[in-house]
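Below, each chain spelled out in residue letters.
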Amino acid sequence: MSHTVVAHSHEEYRSTRLPDIKLMMWIFLASDCMFFGSLIGSYLVYKDRSLVGPYPIDVFDINLTTISTFVLLMSSFLMVLALHELRVGNIKLFRLWTFGVAFFGSIFLGFQIFEFSHFVQEGLTLSQNLFGTTFFVLTGTHGVHVTIGVLLLLSLLIASYVRPVAAKDSVYLEVVGLYWHFVDIVWIVIFTVVYLVEFV
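Computed from a prediction, not measured in an experiment: that's the story for all the values here. (Residues numbered from 1 in each chain as written. Predicted model: local features only at pLDDT ≥ 70, side-chain atom pairs only at ≥ 80, totals over all residues. Heavy atoms only, no water.)

Caption draft 1: Expanded view of the overall build of the protein chain. Secondary structure summary: the protein chain contains seven helices and zero strands in total. Starting at the N terminus and walking to the C terminus, you meet the elements of the protein chain as α-α-α-α-α-α-α. Sequence-distant contacts in the protein chain: of pairs separated by 6 or more residues, those separated by 24 or more amount to 82%. For the protein chain, the accessible area works out to roughly 11,200 Å², and carbon and sulfur atoms hold 70% of it. Averaged over its 10 positive side-chain charges, the protein chain has a centre that lies 12 Å from the centre of its 14 negative ones. (Helix = DSSP H or I, 4+ residues; strand = E, 2+ residues; numbered from the N terminus. Contact = heavy atoms within 4.5 Å. Areas by Shrake-Rupley, 256 points an atom, 1.4 Å probe, with all protein chains shown as cover. Lys, Arg positive; Asp, Glu negative; His and termini not counted. Charge placed at Lys NZ, Arg CZ, Asp CG, Glu CD.)

Here it is as structure tokens:
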């Protein structure tokens, strides 16, 4: 009886009705949204202000970036499948789709490393011009976020082998899923305002 009273007492103070870990992720994403907003804003402010090349049109390969964008978007779809399978208790498929998300995220990172290497060979470095500085800081920061997401997914995957997981543990995958979908949305914005506008 006393436990019931205590439980009701806690619920009365939780106005958001969200688990603490999920609320903390939403707060983090809100701050991260402003952070990426400032980076994207800086890129746009200094766009077309480089005094020397290479310029975006000289180095961008829109076909390559479109493929990497598609891969990242597909990882979001797999994330939805992974969460669904965990909620229904199908741990085998949960592990498969979670690995798929991490794998697709790793492929995206591979594309980004290849792109950065190609740009450096073309003479575009962090200190070459304003375009190089704002571009590498923006996309490099996003790449770090994807790397963190892949590590979180692999941690969940490994943890599922260390101790039994069930549908009640889905909140942890939900939190990582929120982070992953946010990273995908940020990339869509970057892909649009950085890459696509150069070819419109």
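Caption draft 2: Local environment of helix α6 (residues 130-162). The first and last C-alpha atoms of α6 sit 48 Å apart over 33 residues, in line with the 48 Å expected at 1.5 Å per residue. Put simply, N129 is the residue that caps the front of α6, since its side-chain oxygen is 3.3 Å from the backbone nitrogen of F131. (Expected span 1.5 Å × (residues − 1). Polar contact = N/O pair within 3.5 Å; in protein donor to acceptor, adjacent residues only side chain to side chain.)

Caption draft 3: Highlighting the pattern of salt bridges. Applying the stated criterion across every chain, the model contains six salt bridges. Connected through salt bridges with shared partners, the residues K22, R87 and E174 form a single ionic network. (Salt bridge = Lys/Arg side-chain N within 4 Å of Asp/Glu carboxyl O.)

Caption draft 4: View of the nonpolar core. Of all hydrophobic cores here, the largest spans 47 residues; its most connected members are F60, F135, L138, W180, I190, V194 and Y195. For this core, the secondary structure elements donating two or more residues are α2 (20-45), α4 (62-87), α5 (91-121), α6 and α7 (170-195). Take this core: its biggest share by element is 15 residues, from α7. Among all residues touching V194, those that are not within four sequence positions of it are Y43, F60, F135 and L138. (Core = buried A, V, L, I, M, F, W, Y, C linked by side-chain atoms within 4.5 Å. Buried < 20%, exposed > 50% of the residue type's maximum accessible area, 1.4 Å probe, protein only.)

Caption draft 5: Examining α2 more closely. Taking 1.5 Å per residue as the helical rise, α2 with its 26 residues ought to reach 38 Å, and the 38 Å between its terminal C-alpha atoms agrees with that figure. Among the residues making up α2, those that are buried are K22, M25, L29, D32, F36, L39, I40 and Y43. For α2, the elements touching its buried residues are α3 (56-59), α6 and α7.

Caption draft 6: Layout of the packing of α5 against α7. Two elements in contact, α5 and α7, have axes whose closest approach is 13 Å; the angle formed by their N-to-C orientations is 30°. In terms of their interaxial angle, α5 and α7 are classed as roughly parallel. Once α5 is placed against α7, the crossing between them reads as left-handed. Where α5 approaches α7, its residues F94, V101, G105, F108, Q112 and E115 are matched on the opposing element by L173, W180, W187 and Y195. Its residues assigned to classes, the contact of α5 with α7 shows seven nonpolar, two polar and one charged. (Axes fitted to C-alpha atoms, helices over the stretch in contact; angles between N-to-C directions. Parallel < 35°, antiparallel > 145°, perpendicular 65-115°, else oblique. Left-handed = near helix turned anticlockwise from the far one by under 90°. Nonpolar A, V, L, I, M, F, W, Y, C, P; charged D, E, K, R; others polar.)

Caption draft 7: Region of the structure containing unusual backbone geometry. Cis peptide bonds are those with omega within 30 degrees of zero, and the linkage from G53 to P54 qualifies with 0°. Summarising the element assignment, P54 is placed in the loop between α2 and α3. Even without glycine at this site, D48 takes up a positive phi of about 65°. In this fold, D48 is placed in the loop between α2 and α3. Taking the relative accessible area as the measure of exposure, D48 reaches 67% and is therefore exposed.

Caption draft 8: How the structure looks around the packing of aromatic side chains. Counting across every chain of the model gives 19 aromatic pairs. Taking 5.7 Å as the distance between ring centres and 45° as the angle between the ring planes, the aromatic pair formed by F60 and F135 counts as tilted. Taken together, the residues F60 in the loop between α3 and α4 and F135 in helix α6 connect sequence positions 75 residues apart. There is no split in this pair, since F60 and F135 are both buried. The aromatic ring of Y161 is capped on one face by R95, whose charged end is 3.9 Å from the ring centroid. (Phe/Tyr/Trp six-rings, centres within 6.5 Å; stacked < 30°, edge-to-face > 60°. Lys NZ or Arg CZ within 6 Å of the ring centre and 35° of its normal.)

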